[in-house]
Amino acid sequence: MQPGRSCGNSWKSFRIECQAWPTAGTIPPGETDGELRTMKLLWGNSDPEANMFAKTELVGLLVSENPETRVDVKQRLGITGEDDLLPFLSGCLTHSYDKLRAAAARVLSDMGDDSVLFRFINDFGSSDFGVRFDAERAILEFDGPEPLVRHLQHFMRNKREEKRGERMDAIEALGELGDERAVPFLIGALYDGERNVRAEAASVLGRLGSERAVPALLRRLTGDWARRVQLSAGWALGDIGGEEAFEGFIQKLRRLSPDAWIAAVEALGEIGDRRAIPHLLKSLSRYRNTDIRSAALTLEKLDDGSLVTRLIDDLENGDDKERECAALGLSLLGDLLAIEPLVQALKDSHGYVAAAAAYSLGELGGDRALQALIEASAHDNQYVRSSVVKSLDRMGDTRAIEALEKLIEDAQGALDRLRQDEATGTGHFNCR
């Protein structure tokens, strides 16, 4: 068979075609045996797109020492200029044929150009699973790269659930490396199936301090079911800071889980922007059953010395919501100037305001607060009475025993009467 004749694209026809070419003893100067074998493809009709073996061999010759060979290979592969070379190799790195991916990775390593490699690392920040899958497949082909990529490969090779410790080790190593180029990969790790891995990725992103991670961390703060991940994401955002993180907290502050709210409040204290104060105060009523004392340190950091006066004014002159939030906020600042206004707020017509005042008096303590709470123990609003009892319990002052015994006595009397009515059949349902 003559060179240039083709019997098709099958492996058998490719072997027949190659038999007509010279042996190693007639190799032209400057060419290796491997290059000669591959050059047989250049003048044949085997289509590299249909014959992956041919394409793989040709890709390997893109770094040939023979300039003429490189030119012929590029022409055969359809690479029309130097600007097309890197995109072509990028495409090879995501091909399903593993030998072609490996050949492209070797060529890029020989060229000493890591721009393609780090383009794939950036792809880990994509929301498209296919893009992330291609990036992982490409990076795994590189052999002996710098430490950053070795850590990424270590993570990728331990994807099974029982290997989560290995993945956490890889993330920790990336954090110690301190290379911000790992940020897109770490953003992808925020969606790992193991919560501890997600939490570790969030912590490392916080240490790296890259604002590129802020949107993803905000999504983990609000969308992750795991408490540890929520806390890690919130703290990481506090470490990163910046306007985007601040605005994200403000927009979401009243829609967070209790754990995420605690993390957000602490992070706002780290950011240190006083614009957070009114939003923080408004959120207190939403999280009244959470440990709102976690907000105390943040308010202390943001207070310029005028906050107590401002809250007392809101308590006395604000609307229902402002009065309630002001009463709760005063419990966090520890200023005894707030006691008398809070005592007056126990008489507020709005039950939530009076209950908030009772809570705050229990936090501030003192004889005046104790006396006011004992007097309020007979309040006609059940919600206020409940808040009073809890405050007296927290204060632990034995002088409250008599008032609490009276409450128990009244409750026991009502319970006994209801049981008697039930036994005699004289009770009735209130169907209003």
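See the structure above.
Procedures and definitions
- Residue positions within a chain follow its written sequence, with the count starting from 1.
- Local features are withheld for residues below a pLDDT of 70 in this predicted model, meaning they are given only at 70 or higher, and side-chain atom pairs are given and counted only at 80 or more; totals for whole chains, interfaces and linings count all residues.
- With hydrogens and water excluded, all non-hydrogen atoms of the structure serve as input to the side-chain values.
- Structural elements are reduced to axes, namely lines fitted to C-alpha atoms, with helices fitted over the stretch in contact, and the angle between N-to-C directions of any two is expressed from 0 to 180 degrees.
- A run of H or I in DSSP counts as a helix once it spans at least four residues, and a run of E counts as a strand once it spans at least two, with each numbered from the N terminus.
- Helix crossings fall into two classes, left-handed where the near helix is turned counterclockwise from the far one by less than a right angle and right-handed where it is turned clockwise.
- Throughout, a contact is declared for two residues whenever any of their heavy atoms are within 4.5 Å.
- Think of it as three bins: nonpolar holds Ala, Val, Leu, Ile, Met, Phe, Trp, Tyr, Cys and Pro, charged holds Asp, Glu, Lys and Arg, and polar takes everything else, Gly as well.
- The criterion is simple. A nonpolar core is a set of buried Ala, Val, Leu, Ile, Met, Phe, Trp, Tyr and Cys residues joined through side-chain atoms within 4.5 Å.
- Think of it in three bands: residues with accessible area under 20% of the maximum for their type are buried, residues over 50% are exposed, and the middle band is partly exposed, with areas taken using a 1.4 Å probe on protein chains only.
- Here a Phe, Tyr or Trp ring, Trp counted by its six-membered ring, pairs with any other such ring whose centre lies within 6.5 Å, and the pair is stacked when the planes are under 30 degrees apart, edge-to-face when over 60, and tilted otherwise.
- Whether a charge sits over a ring comes down to the Lys NZ or Arg CZ being within 6 Å of the ring centre and within 35 degrees of the ring normal.

Novice: Whenever I open this one, the packing of helix H3 (residues 52-60) against helix H4 (residues 67-77) confuses me. Can you help?
Specialist: When two helices pack together, their arrangement is given by the angle between the helix axes and by the axis-to-axis distance. At their nearest, the axes of H3 and H4 sit 9 Å apart, and the two run at 145 degrees to each other. Between H3 and H4 lies a crossing of left-handed hand. Listed contacts from H4 to Lys55, Leu58 and Val59 of H3 are Val73, Arg76 and Leu77. Each residue belonging to the contact of H3 with H4 can be placed in one class, and the counts come to four nonpolar, no polar and two charged.

Novice: Could you clarify how one ought to interpret the side chain of Arg323 in this entry?
Specialist: Its place among the elements puts Arg323 in helix H20 (residues 320-333). Once you skip the residues sitting within four places of it in the chain, Arg323 turns out to touch Asp314, Leu315, Gly318, Asp348, His350 and Val353.

Novice: Please clarify how the nonpolar core should be interpreted in this entry.
Specialist: Taken as a class, soluble globular proteins show a tendency for nonpolar side chains to be buried jointly. Residues Val59, Leu62, Leu217 and Trp261 are the most contacted members of the largest nonpolar core, which totals 119 residues. The biggest single contributor to this core is helix H22 (residues 351-364), with eight residues. Sequence-distant contacts of Leu62, that is, excluding residues within four places in its chain, are made with Arg70, Val73, Lys74, Leu77, Ile79, Leu85, Phe88, Leu89 and Val107.

Novice: Please explain the packing of aromatic side chains as it appears in this structure.
Specialist: The way to describe two aromatic rings as a pair is by their centre distance and the angle between their planes. Considering all chains together, one arrives at five aromatic pairs under this definition. Taken together, a centroid distance of 5.0 Å and an interplanar angle of 85 degrees make the contact between Phe155 and Phe185 edge-to-face. In this pair, Phe155 sits in helix H9 (residues 147-156) while Phe185 sits in helix H11 (residues 183-189), placing the two residues 30 residues apart along the sequence. Note on Phe155: relative accessible area 4%, which makes it buried. The exposure class of Phe185 is buried, given its relative accessible area of 3%. Three or more aromatic residues joined by ring pairs form one cluster here, namely Phe124, Phe155 and Phe185. The residue whose ring lies beneath Arg286 is Tyr287, and the NZ or CZ to ring-centre distance is 4.9 Å.

Novice: What is the right way to read the environment of Leu85 from this model?
Specialist: Within the element layout of this structure, Leu85 appears in helix H5 (residues 85-93). Distance in space between the C-alpha atoms of Leu85 and Leu62 is 9.2 Å, their sequence separation being 23 residues. Ignoring anything within four residues of it in the chain, the contact list for Leu85 reads Leu62, Ile79 and Met111.

Novice: In this structure, what is going on with the environment of Leu140? I would like to understand it.
Specialist: With respect to the helices and strands, Leu140 occurs in the loop between helix H8 (129-139) and H9. With 16 residues separating them along the chain, Leu140 and Met156 place their C-alpha atoms 7.8 Å apart. Beyond its immediate chain neighbours, meaning those up to four positions away, Leu140 contacts Gln153, Met156 and Arg157.

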